[in-house]
Amino acid sequence: MRLLIKNIKELVQVEEQARLRVCGKDMASLGTVKDAYLIVEDGVIADFGPMDNLGEQTFDQEVDARGRMVFPTFCDSHTHMVYAGSREIEYIDKIRGLSYDEIAKRGGGILNSAKRVQEATEDQLFEDAYQRLEMMKDFGTGAVEIKSGYGMTTEAELKMLRVVQRLKEASPMTIKATLLGAHGIPMEYRGCQEKFVDLVIDEMIPQAAAEGLADYIDVFCDEGFFTVEDTERMLEAGARHGLRGKIHANEMACSGGIQTAVKYNALSCDHLEYTGEAEIAALLGSETMPTVLPGAAFFLNMRHAPVRQMMDAGLPVAMASDYNPGSSPSGNMQLILSMACVNYRMLPEEAINATTLNTAYAMGVSDKLGSICRGKQANFFITKPIPTYEYMPYAYGENKVEQVFLKGKQV
Ligand code: NIG
Ligand code: FE
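Everything numeric here is computed off the predicted structure, so don't read it as measured data.

**Side note on the overall build of the protein chain**
Scanning the protein chain from terminus to terminus reveals 15 helices and 16 strands. For a compact globule of 411 residues, the expected C-alpha radius of gyration is about 22 Å, and the protein chain comes in at 21 Å, within 12% of that figure. Reported as C-alpha extents along the three principal axes, the dimensions of the protein chain are approximately 70 × 45 × 45 Å. The buried share among the 411 residues of the protein chain stands at 60%. Of the contacts made within the protein chain by residues no fewer than 6 positions apart, 74% connect residues no fewer than 24 positions apart. Summed over all atoms, the accessible surface of the protein chain reaches about 15600 Å², with 49% contributed by carbon and sulfur. Positive and negative side-chain charges in the protein chain, numbering 41 and 58 respectively, have mean positions lying 2 Å apart.

In structure tokens form, the structure reads like this:
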């Protein structure tokens, strides 16, 4: 099956040589080809270049993209998009002045979602999550990492992971599953949370690994949640079962989470509002992708991670949606692009690198996804007619995506 996309106004995020991630000042450059073609063979990117070089060839299918641009689909490397019910009551509480921490302490927040997930059937969770995935795809996302974490019991955590497994089978999107056993501390474990950590280590991790339900392990390592010591124990247990870490860190305080992520060679550490020089120094030279979640910082009206200092120091930065009912009820990665530019003063090129190749790295798929590169999977979208690629973050709120192709097929 040979597919040609022709007359592309600009083909964006092209690479001649595949890179696994983009760091520091390189984030400001973006490869593009104007008036381009893209050839897909059996779901894989076979070739691209300027229309003048296309020559005479035959194809099974041709798409004329005149006036339109082509981007690789977004990779969303941090979501909690399997959940039951919404939490707009807490949203009002927050507007009235209660902090995230205060809501969590009185049993709201993550515990509120946990109760609903425990009561929901696997089928219900699957149907709701599938609808959300479709919505994300329509906004241009082609790969999603999905965490458990609203289970809080072994049974409910495994139920969530089974839902993710079904999503992997049912959706053309690339999906990675993360066991987030240690997301919140159940009421009955308050004051003895090390016993809950034991449960994660003795039951959740071995059972999820034995059933092949998890690709990664996560811990909410932060002030008021799990300590560095708890996190180290769980990351060690994860490693014994072949699960690499992707941890929540430094959202509430300089809690040591970033240093712990680096120490255990986590694939990513995420949130990072409280990142100082020591944290940046720890990340430099590591294989851990610093990942910022602009939707959560926006929704919780929080301080912003020091993204410019991180890039100036030579670090890569990834940006994901954090799609979840409590702190970021949207999986729209076009909005993340706009927030990256407006709230973090990233250039559009930096924001595009942060939401494509660097998030692909942060979910362990950048050898196959995240750019338009020969040999990579043909996951891309065709935009509506737009004037420039900078228009993508600029025109916030509207959907600029017209057609999405995953593995070379329109979906
Ligand atoms: O990534 N920070 C921790 N966990 C989620 C919030 C989940 C919730 O409030 O339900 C987050 O923002
Ligand atoms: Fe999160």
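**Considerations on the domain arrangement of the protein chain**
Domain annotation for the protein chain reports domain 1 (2-72 + 370-410) and domain 2 (74-362). Spacing between the C-alpha centres of domain 1 and domain 2 amounts to 29 Å. The interface is formed by 34 residues belonging to domain 1 together with 36 residues belonging to domain 2. Contact between domain 1 and domain 2 buries roughly 2700 Å² in total, counting both sides, with carbon and sulfur atoms accounting for 63%. Inspection of the region where domain 1 meets domain 2 yields zero salt bridges. Our enumeration of links across domain 1 and domain 2 arrives at 14 residue pairs in polar contact (both at pLDDT 80 or more). For the side of domain 1 that touches domain 2, the secondary-structure elements that each account for two or more residues are β5 (68-72), α15 (391-394) and β15 (401-406). Considering every element that reaches the side of domain 1 that touches domain 2, the biggest residue donor is β15, with three residues. Split by residue class, the side of domain 1 that touches domain 2 holds 16 nonpolar, eight polar and 10 charged.

**Some thoughts on the coordination of the iron ion (ligand 2)**
Distances from the iron ion (ligand 2) to its protein donors, His78 (NE2), His80 (NE2), His248 (NE2) and Asp322 (OD), fall at 2.1 to 2.5 Å. All donors of the iron ion (ligand 2) belong to a single chain; written as a sequence motif, their spacing is H-x1-H-x167-H-x73-D. Of this pair, His80 sits in the loop between β6 (74-79) and α1 (88-95) while Asp322 is found in the loop between β13 (318-319) and α12 (333-344), placing the two residues 242 residues apart along the sequence. Pair check on accessibility: His80 and Asp322 agree, each one buried.

Conventions used here
- Residues numbered from 1 in each chain as written.
- Chains lettered and ligands numbered in written order.
- Predicted model: local features only at pLDDT ≥ 70, side-chain atom pairs only at ≥ 80, totals over all residues.
- Heavy atoms only, no water.
- Helix = DSSP H or I, 4+ residues; strand = E, 2+ residues; numbered from the N terminus.
- Rg over C-alpha atoms; globule rule 2.2 N^0.38 Å.
- Buried < 20%, exposed > 50% of the residue type's maximum accessible area, 1.4 Å probe, protein only.
- Contact = heavy atoms within 4.5 Å.
- Areas by Shrake-Rupley, 256 points an atom, 1.4 Å probe, with all protein chains shown as cover.
- Lys, Arg positive; Asp, Glu negative; His and termini not counted.
- Charge placed at Lys NZ, Arg CZ, Asp CG, Glu CD.
- Domains from an automatic or database assignment.
- Buried area = accessible area lost by both parts, 1.4 Å probe.
- Salt bridge = Lys/Arg side-chain N within 4 Å of Asp/Glu carboxyl O.
- Polar contact = N/O pair within 3.5 Å; in protein donor to acceptor, adjacent residues only side chain to side chain.
- Nonpolar A, V, L, I, M, F, W, Y, C, P; charged D, E, K, R; others polar.
- Donors = N, O, S within 2.8 Å, 3.2 Å for Na, K, Ca; no water.

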